[in-house]
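Given next are the chains, with one letter for each unit.
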Amino acid sequence: MTTGTLITVAPTGAESAKADVPALPVTLDELVTTAKECEALGASVIHVHIRDDEAQPTLDLGRLRDTVAALRESTDLVVQLSTGGAVTDPEADRLRVLEADPEMASCTMGTVNFGDDVFMNRWEFIVELHTRMQERGIVPEYEIFDLGHLASLQRLLDKYGLPAGGHVHVDFVMGVPGGMPGTIEALVACRQALRDLPEGTTFSATGIGRTTIPVMLASLSAGGHLRVGMEDTLTYAKGEPVESNMQLVARAVGFAQLAQRPPLTPTEVRELLRIPARA
């Protein structure tokens, strides 16, 4: 069990509209401010989606590069770009995300129903994403939406080798309509399946919507880490909208401290995930 807790903040996502969620950070200035606030509270990684001038999801490479540069200049957070984008984004655009040279990027390990949509991740695309990250020295976070995705990850690693840095880190995304439920039983099943992956594999868990709290508590008790943010959760409590990403990070930090697993610093996370220290 890792003694500290890696806390990732996912502040924006690609699903919610700014008109419906005014507190959602969609401009670069809003994102940088959010990042600084959440780092001060105890977040060590930021999972990034970006928006265009109309606050619509985009994978524009110029904007991604500007975002990575601004976050590196303003914070010490590990910058993790989403290669998932929106469910409608073409594979070529998703692969091009890596050209923005983040320290980390997501790598979803299979296709999954995503509400009324389908989040498509063909095997050939997964292999291409994994190998390009190896070549560029970008550390992946393998996104697991269902138990079978862990078997796909084992197949990927057996055939194409370990990721950049040699450490395997996964994120259990739980509670998406169409994916695995955000339950203790589902998390335990995933935790047990990690035994088939390389020794030392670590995991975070993300509880979508109302599954946020039970998933956080289950992950901490099982030796895992946490991802929180307005990408995943817009209600802090019944009938109480989230006011900011700080609110969600502060709650995660409080839970981690109660579990006697205080937040890891960005430097400690780079050591854990074998991400090179910043120059």
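Refer to the structure printed above.
Values in this document were obtained by computation on a predicted structure and should not be read as measured data. The numbers attached to residues start from 1 for each chain and follow its sequence in the written order. Only residues with pLDDT of at least 70 get local features here, since the model is predicted, and only at 80 or more are side-chain atom pairs given and counted; chain-wide, interface and lining totals rely on the full set of residues. Side-chain numbers come from the whole structure's heavy atoms, not from hydrogens or water.

## Focus: the sheet that holds strand 5 (residues 78-81)
Pairs of strands are assigned from DSSP output, requiring at least two bridges between the strands. Strands here mean DSSP runs of E at least two residues long; helices mean DSSP runs of H or I at least four residues long; both are numbered from the N terminus. Pairing is parallel around the closed barrel formed by 8 strands, whose spatial order is 1-2-5-6-9-10-11-12. Mean inter-strand twist for the sheet, computed between neighbouring axes without regard to direction, equals 30 degrees. Relative to strand 2 (residues 45-48), strand 1 (residues 7-9) runs parallel, the two being bridged by 2 bridges. The residue of strand 2 that forms the bridge with Val9 is Ile46. The contact criterion used throughout is that any non-hydrogen atoms of two residues lie within 4.5 Å. As a rule, the C-alpha atoms of each element are fitted with a line to give its axis, helices using only the stretch in contact, and angles between N-to-C directions run from 0 to 180 degrees. Strand contacts of helix 5 (residues 148-160): strand 9 (139-144) and strand 10 (169-174), with the helix running at about 145 degrees to strand 9, the strand carrying the most contacts.

## Description of the packing of helix 1 (residues 28-41) against helix 8 (residues 245-258)
Close contact between helix 1 and helix 8 brings their axes to 9 Å; oriented N to C, the two are set at 15 degrees. Judged by the angle between their axes, helix 1 and helix 8 are roughly parallel. With respect to the hand of their crossing, helix 1 and helix 8 are arranged in right-handed fashion. Each of Thr34, Glu37, Cys38 and Leu41 in helix 1 lies in contact with helix 8, whose residues at this interface are Asn245, Met246, Val249, Ala250 and Val253. Each angle gets one of four labels, with under 35 degrees taken as roughly parallel, over 145 as roughly antiparallel, 65 to 115 as roughly perpendicular, and the rest as oblique. Crossings are sorted by hand: turned counterclockwise from the far helix by less than a right angle, the near helix makes the crossing left-handed, and turned clockwise it makes it right-handed.

## What to know about unusual backbone geometry
At Ala55, a position not held by glycine, the phi torsion is positive, near 65 degrees. As for its placement among the helices and strands, Ala55 is situated in the loop between strand 3 (50-51) and strand 4 (57-58).

## Quick notes on the pairing of strand 6 (residues 104-108)
Categorising residues by exposure relies on relative accessible area from a 1.4 Å probe, with only protein chains included: less than 20% of the type maximum marks a residue as buried, more than 50% marks it as exposed, and the intermediate range marks it as partly exposed. For strand 6, a buried count of 5 out of 5 residues is recorded, marking the element as mostly surrounded by other parts of the structure. As judged from the 2 bridges shared by strand 5 and strand 6, these two strands associate in the parallel manner. Bridge assignment links Leu81 to a residue of strand 6, and that residue is Ala105. Here 5 bridges tie strand 6 to strand 9, and the two strands are oriented parallel to one another. Along strand 9, the bridge assignment pairs Ser106 with Glu141.

## Digging into the packing of helix 4 (residues 123-136) against helix 5
Look at helix 4 against helix 5: their axes get within 11 Å of each other, and the N-to-C directions meet at 55 degrees. As the angle between them shows, helix 4 and helix 5 are arranged oblique. Taken as a pair, helix 4 and helix 5 cross one another with a handedness that is right-handed. Of helix 5, the residues touching helix 4 (which contributes Trp123, Ile126, Val127, His130, Thr131 and Gln134) are Ser152, Arg155, Leu156, Leu157 and Tyr160.

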